[in-house]
Amino acid sequence: MTATDATWALFDLDGCLIDSSEAIPACLNAALVELDLPPYEPADLQWCIGPPLAGSIERLVAMGGLEPTPTRVATGLATYREVFPDLAGRLTTVIDGVDDLLAALPQRRAVVTSKPAGAARPLVDAMGLGWAFEVVHGPGLDVEHEPKAVTLGRALDDLGIVDPATAVMIGDRHHDVDAGRERGTATVGVTWGAGDRAELTAAGADHVVDHPDELLALLTA
């Protein structure tokens, strides 16, 4: 079975459904300032969109010349999460074309994200997308390094998807493609987020699309 035959469409959140290119860097910079580290330009933090947050903070702390101790990482995570509701609400937008895409898709749909579920669900609702998804899956707040494949596997189990090949994982980073390939789903990479065509192709995506209209055409072919 391929993406064109899927009965479930599983979407990554940041960079796939919503534009977090300003919100996530703003939250990360708040965490860095709390740790007495200099902030970055948003463009220099786009690589942080997609992977688990704790790993990005560890790397940023090390890049700033400090040892990424558990205490520093915990402080960074706590600051990020403290400022997230306000900054995400003000700086996040729905990607152009996504509303029309979701309204037209025949597949059952869920969000599968590396963002903690407790933060992702309110954000999906705040962006006016709650109507489009049966459920939003993500790690718990106490889980700092959950690989995307683990999140996806739990989502498949919770949704009762016995045959992963009946689902397609859609996302903008290689983590999404890697997870789908590991769990046996079809995979579609989208280039309107933080990842590019080269990254998604190298990861082995079954398809790579450049606009929500192309994704709609693929999933309704």
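Before reading further, recall that the structure is shown in the block above.
Everything quoted here is computed from the prediction, not taken from an experiment.

1. Considering the packing of helix α1 (residues 23-34) against helix α3 (residues 70-91)
To describe two helices that pack against each other, one gives the angle between their axes and the distance between the axes.
Turning to step 1, where the next piece is worked out: Interaxial distance between α1 and α3 falls to 8 Å at its minimum, and their mutual angle equals 145 degrees. In this structure, α1 meets α3 at a crossing whose hand is right-handed. Across the interface between the two elements, Ala23, Ile24, Ala26, Cys27, Leu28, Ala30, Ala31 and Glu34 from α1 touch Thr75, Gly76, Thr79, Tyr80, Val83, Phe84, Leu87, Ala88 and Leu91 from α3.

2. Things to note about the pairing of strand β7 (residues 186-190)
Turning to step 1, where the next piece is worked out: Counting buried positions over the 5 residues of β7 gives 5, a clear majority of the element.
Turning to step 2, where the next piece is worked out: Alternating positions in β7 separate into two faces, Ala186, Val188 and Val190 on one and Thr187 and Gly189 on the other, with burial throughout.
Turning to step 3, where the next piece is worked out: Across 4 bridges, strand β6 (residues 167-171) lies against β7 in parallel orientation. Directly across from Met169, in β7, lies its bridge partner Thr187.
Turning to step 4, where the next piece is worked out: Handedness of the β-α-β unit built from β6, helix α7 (residues 174-183) and β7 comes out right-handed.
Turning to step 5, where the next piece is worked out: Looking at chain direction, β7 and strand β8 (residues 207-209) are connected through 3 bridges and run parallel.

3. Let's talk about the nonpolar core
Turning to step 1, where the next piece is worked out: Counting residues in each nonpolar core, the largest one holds 52 residues, and the members touching the most others are Phe11, Leu17, Leu28, Phe133, Val168, Ile170 and Leu215.
Turning to step 2, where the next piece is worked out: For this core, the leading source of residues is α3, giving 6 residues.
Turning to step 3, where the next piece is worked out: Listed in part, the 13 residues of the second largest apolar core include Ala110, Val112, Ala155 and Leu156.

4. What about helix α6 (residues 148-159)?
Turning to step 1, where the next piece is worked out: With 12 residues, α6 ought to run about 16 Å at 1.5 Å a step, and its terminal C-alpha atoms sit 16 Å apart, in line with that.
Turning to step 2, where the next piece is worked out: Of the positions making up α6, those classed as buried are Lys148, Ala149, Thr151, Leu152, Gly153, Ala155, Leu156 and Leu159.
Turning to step 3, where the next piece is worked out: Where α6 is buried, its residues meet β1 (8-11), β4 (108-112), β5 (136-137), β6 and α7.

5. Some thoughts on the sheet that holds β6
Turning to step 1, where the next piece is worked out: Ordered in space as β5-β4-β1-β6-β7-β8, the 6 strands form an open sheet in which the pairing is parallel. Of all strands in the sheet, those with a lone pairing partner are β5 and β8, marking the two edges.
Turning to step 2, where the next piece is worked out: Sheet topology note: the β4/β5 ladder contains 2 bridges and is parallel. Looking at the pairing, Val111 lines up with Val136 of β5.
Turning to step 3, where the next piece is worked out: Together, β1, β6, β7 and β8 form the strand contacts of helix α9 (residues 212-219), whose direction differs from that of β8 by roughly 145 degrees.

6. What about the packing of aromatic side chains?
Turning to step 1, where the next piece is worked out: Evaluated as defined, the whole model comprises 2 aromatic pairs.
Turning to step 2, where the next piece is worked out: Taking 5.9 Å as the distance between ring centres and 75 degrees as the angle between the ring planes, the aromatic pair formed by Phe11 and Phe133 counts as edge-to-face. Within this pair, whereas Phe11 is found in strand β1, its partner Phe133 is found in the loop between α5 (117-126) and β5, the two being separated by 122 residues in sequence. In this pair, the class of Phe11 matches that of Phe133, namely buried.
Turning to step 3, where the next piece is worked out: Ring centres 6.0 Å apart and planes at 15 degrees place the aromatic pair Tyr80 and Phe84 in the stacked group. Here Phe84 and Tyr80 lie together in helix α3, a separation of 4 residues that amounts to about one turn. Both residues of the pair, Tyr80 and Phe84, count as buried.
Turning to step 4, where the next piece is worked out: Here the guanidinium or amino end of Arg59 rests over the ring plane of Trp47, the centre of that ring lying 4.1 Å away.

About the thresholds
- Residues numbered from 1 in each chain as written.
- Predicted model: local features only at pLDDT ≥ 70, side-chain atom pairs only at ≥ 80, totals over all residues.
- Heavy atoms only, no water.
- Axes fitted to C-alpha atoms, helices over the stretch in contact; angles between N-to-C directions.
- Helix = DSSP H or I, 4+ residues; strand = E, 2+ residues; numbered from the N terminus.
- Left-handed = near helix turned anticlockwise from the far one by under 90°.
- Contact = heavy atoms within 4.5 Å.
- Buried < 20%, exposed > 50% of the residue type's maximum accessible area, 1.4 Å probe, protein only.
- Pairing = 2+ DSSP bridges.
- Right-handed = clockwise from strand over helix to strand, strands pointing away.
- Core = buried A, V, L, I, M, F, W, Y, C linked by side-chain atoms within 4.5 Å.
- Expected span 1.5 Å × (residues − 1).
- Phe/Tyr/Trp six-rings, centres within 6.5 Å; stacked < 30°, edge-to-face > 60°.
- Lys NZ or Arg CZ within 6 Å of the ring centre and 35° of its normal.

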